[in-house]
Amino acid sequence: MGSSLLFCLFLIFSVICSPVSASHSVTWTYGVNYGRIANNLPAPESVVTLLKAAKINHIRIYDADHGVLQAFKGSGIEIIIGLPNGFLTEMSTGEDRAMNWVKENVQPFLPGTRIRGIAVGNEILGGTTMDLWEALLPAAKNVYAALYRLGLHRTVEVSSPHSEAVFANSYPPSACIFRPDVAPFMKPLLEFFSQIGSPFYINAYPFLAYKNDPQHIDINYALFKDNPGIYDAKTKLHYDNMFEAQVDAAYTALDKAGFSKTEVIVSETGWASRGDPDEAGATVKNAKTYNKNLRKRLLKKKGTPLRPHMAVRAYVFALFNENLKPGPTSERNFGLFKADGSVAYNIGFTGLVPSAAAASSLLSFKVCFAFLH
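Notes on the structure follow. All values derive from a computational prediction rather than experimental measurement.

### Concerning the pairing of strand β13 (residues 314–317)
Then comes step 1: Burial along β13 is two-sided: Ala314 and Val316 facing one way and Tyr315 and Phe317 facing the other are all buried.
Then comes step 2: As judged from the two bridges shared by strand β12 (residues 264–269) and β13, these two strands associate in the parallel manner. Counterpart to valine 266 in the pairing with β13 is alanine 314.
Then comes step 3: Once the chain exits β12 it traverses helix α11 (residues 284–299) before rejoining the sheet at β13, and the crossover so formed is right-handed.

Spelled out as structure tokens, the structure:
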């Protein structure tokens, strides 16, 4: 019997018995992306202390760094790890490659480290590397097959986050549709994720939309502040913030593609606190306003106008400012926290060293961690 037929059989069996979504908490709504493209960040053990003080229990990382995974052992913090884009072609060529990767980077850390998902690639579809478009689905299938054979498929979800570039149009939300060139790759991927119970992850940034068109976008609409909002005539729904409009645009595209039951989770959203002169809106005041209002909105566990009974879940980008990220200044200034562990601005987190004491904060984390252990 061919390996593809075997895979189909155990995929059907696994979905019938226990879709992965059944094992995940449905009560959380707020998570954070822990990016590490920097040379001045606190040690992972100190980051655990910081996250616990901030009561952040869900994070995403962009690789499967063993030091990070070991540091989070016993913390209770749930982690989605990343299979970087550079691995996709190799993973797409055979189940054995994916099995080796899972055995090396996932299995040894369970159950002590609560790895709850693997993000296969990041923003592949809609990007410029067509070879990766073709590799994405077979890579995701091979990773899932490895998890299944190891009995980990009920614990570890397989997914892949997308950028807004997968959409042909997203305004108003009811007009959203996948790009014609993306759809032939997206639909089979959605079919597979639907079969295994995985959500649709989207990186949604009102900041980027405002930065690209500040003349026509009300910044108050982007920041969750009082504003007239927009009215979607087709659905007769009113939106008073761009974040919810972006989420509902994704739901609309999924509906039109035939996947109305797929949940949308925001894998990245945030606002830069600094930027270049041509990066409109990149200020500390706006970053504080966006992230504070976003957090308040998510903690209410509310739905959107189009999906009022489906609580929105999102991962904020990012935990830290990352001083080695390439690109414009904004890319290095999305952090809720500065590299020394102090808050970049106050959005209501407790138990953190205040910015006035930033110089000693990292030392405090290390002393605290040493004392606890």
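Here the narrative resumes.
### Details of the sheet that holds strand β5 (residues 157–159)
Then comes step 1: Taken in spatial order, the nine strands line up as β5-β4-β3-β2-β1-β13-β12-β9-β6 in an open sheet, and their pairing is parallel. Each of the sheet's edge strands pairs with one partner strand only, and the pair in question is β5 and β6 (161–162).
Then comes step 2: Of the strand pairs in this sheet, strand β1 (residues 30–33) and β13 are connected by four bridges, and their pairing is parallel. Looking at β13, one finds that asparagine 33 is bridged to phenylalanine 317.
Then comes step 3: Across the sheet, helix α5 (residues 95–105) is in contact with β3 (78–83) and β4 (114–120); its angle to β3 comes to roughly 140 degrees.
Then comes step 4: Packed onto the sheet, helix α6 (residues 130–149) meets β3, β4 and β5 and runs at close to 155 degrees relative to β4.

### Regarding the nonpolar core
Then comes step 1: Within the largest apolar cluster, 113 residues are counted, with the highest numbers of intra-cluster contacts made by Phe72 and Phe178.
Then comes step 2: Here this core takes 12 residues from α6, the largest share from any one element.
Then comes step 3: For phenylalanine 72, the contacting residues outside a window of four places in its chain are Tyr34, Pro44, Val47, Val48, Leu51, Ile59, Ile77, Ile79, Gly112 and Thr113.
Then comes step 4: Listed in part, the six residues of the second largest apolar core include Trp28, Ile80, Tyr201 and Tyr315.

### Some words on the packing of α5 against α6
Then comes step 1: Between α5 and α6, whose axes approach to 8 Å, the crossing angle comes to 60 degrees. If you check the angle between α5 and α6, you find them oblique. You can see that α5 and α6 cross each other, and the crossing is right-handed. Here α5 contributes Glu95, Ala98, Met99 and Val102 to the contact with α6, which in turn contributes Asn142, Val143, Ala145, Ala146, Leu147 and Arg149.

### Comments concerning the packing of aromatic side chains
Then comes step 1: Under the definition given, this model contains 21 aromatic pairs.
Then comes step 2: Between tryptophan 28 and tyrosine 315, the ring centres sit 5.0 Å apart and the planes meet at 55 degrees, which makes this aromatic pair tilted. Taken as a pair, tryptophan 28 in the loop between α1 (3–17) and β1 and tyrosine 315 in strand β13 lie far apart in primary sequence, 287 residues in all. The two residues tryptophan 28 and tyrosine 315 agree in class, both being buried.
Then comes step 3: Following the ring pairs from residue to residue traces out a cluster consisting of Tyr62, Tyr205, Phe207, Tyr210, Phe224, Phe243, Trp271, Tyr290, Phe317 and Phe334.
Then comes step 4: Taking the ring centre of tyrosine 34 as reference, the NZ or CZ of arginine 36 above it sits at 5.8 Å.

### What about the side chain of serine 160?
Then comes step 1: Relative to the assigned elements, serine 160 resides in the loop between β5 and β6.
Then comes step 2: Within the local environment of serine 160, its side chain forms a polar contact with the backbone oxygen of valine 120, the two atoms lying 2.7 Å apart.
Then comes step 3: Look past the residues within four positions of serine 160 in its chain and what remains in contact with it is Val120, Gly121, Leu136, Phe193 and Tyr201.

### Observations concerning the packing of α6 against helix α7 (residues 183–196)
Then comes step 1: Direction vectors running N to C along α6 and α7 enclose 15 degrees, while the axes themselves pass 10 Å from each other. In terms of their interaxial angle, α6 and α7 are classed as roughly parallel. Of the two possible hands of crossing, α6 and α7 adopt the one that is left-handed. For the pair formed by α6 and α7, the contact residues are Met130, Trp133, Glu134, Leu136, Leu137, Ala140, Lys141 and Tyr144 on the first element and Phe185, Pro188, Leu189, Phe192, Phe193 and Ile196 on the second.
Then comes step 2: When its residues are assigned to classes, the contact of α6 with α7 shows 12 nonpolar, no polar and two charged.

### Topic: unusual backbone geometry
Then comes step 1: For the peptide bond that leads from leucine 110 to proline 111, omega is 0 degrees, which places it in the cis range.
Then comes step 2: Positive phi, close to 60 degrees, is recorded for lysine 55, a residue that is not glycine.
Then comes step 3: Note that lysine 55 resides in the loop between α2 (44–53) and β2 (58–60).
Then comes step 4: On the accessibility criterion, lysine 55 (64% relative accessible area) is exposed.
Then comes step 5: One non-glycine residue, glutamate 123, adopts positive backbone phi at about 55 degrees.

### Focus on the pattern of salt bridges
Then comes step 1: Scanning the entire structure with this criterion turns up 11 salt bridges.
Then comes step 2: Linking aspartate 63 and arginine 36 is a salt bridge whose minimum nitrogen-to-oxygen distance equals 2.7 Å. Here the residue aspartate 63 occupies a position in the loop between β2 and α3 (66–71), and arginine 36 occupies one in the loop between β1 and α2, the gap between them amounting to 27 residues.
Then comes step 3: Judged by relative accessible area, which is 25%, arginine 36 ranks as partly exposed.
Then comes step 4: One salt-bridge network, held together by shared partners, links Arg36, Asp63 and Asp65.

### A look at the environment of isoleucine 79
Then comes step 1: Note on placement: isoleucine 79 falls in strand β3.
Then comes step 2: Apart from residues lying up to four places away in sequence, isoleucine 79 is in contact with Ile59, Ile61, Leu69, Phe72, Thr113, Arg114, Ile115, Arg116 and Gly117.

Conventions and cut-offs
Residues numbered from 1 in each chain as written. Predicted model: local features only at pLDDT ≥ 70, side-chain atom pairs only at ≥ 80, totals over all residues. Heavy atoms only, no water. Buried < 20%, exposed > 50% of the residue type's maximum accessible area, 1.4 Å probe, protein only. Helix = DSSP H or I, 4+ residues; strand = E, 2+ residues; numbered from the N terminus. Pairing = 2+ DSSP bridges. Right-handed = clockwise from strand over helix to strand, strands pointing away. Contact = heavy atoms within 4.5 Å. Axes fitted to C-alpha atoms, helices over the stretch in contact; angles between N-to-C directions. Core = buried A, V, L, I, M, F, W, Y, C linked by side-chain atoms within 4.5 Å. Parallel < 35°, antiparallel > 145°, perpendicular 65-115°, else oblique. Left-handed = near helix turned anticlockwise from the far one by under 90°. Phe/Tyr/Trp six-rings, centres within 6.5 Å; stacked < 30°, edge-to-face > 60°. Lys NZ or Arg CZ within 6 Å of the ring centre and 35° of its normal. Polar contact = N/O pair within 3.5 Å; in protein donor to acceptor, adjacent residues only side chain to side chain. Nonpolar A, V, L, I, M, F, W, Y, C, P; charged D, E, K, R; others polar. Salt bridge = Lys/Arg side-chain N within 4 Å of Asp/Glu carboxyl O.

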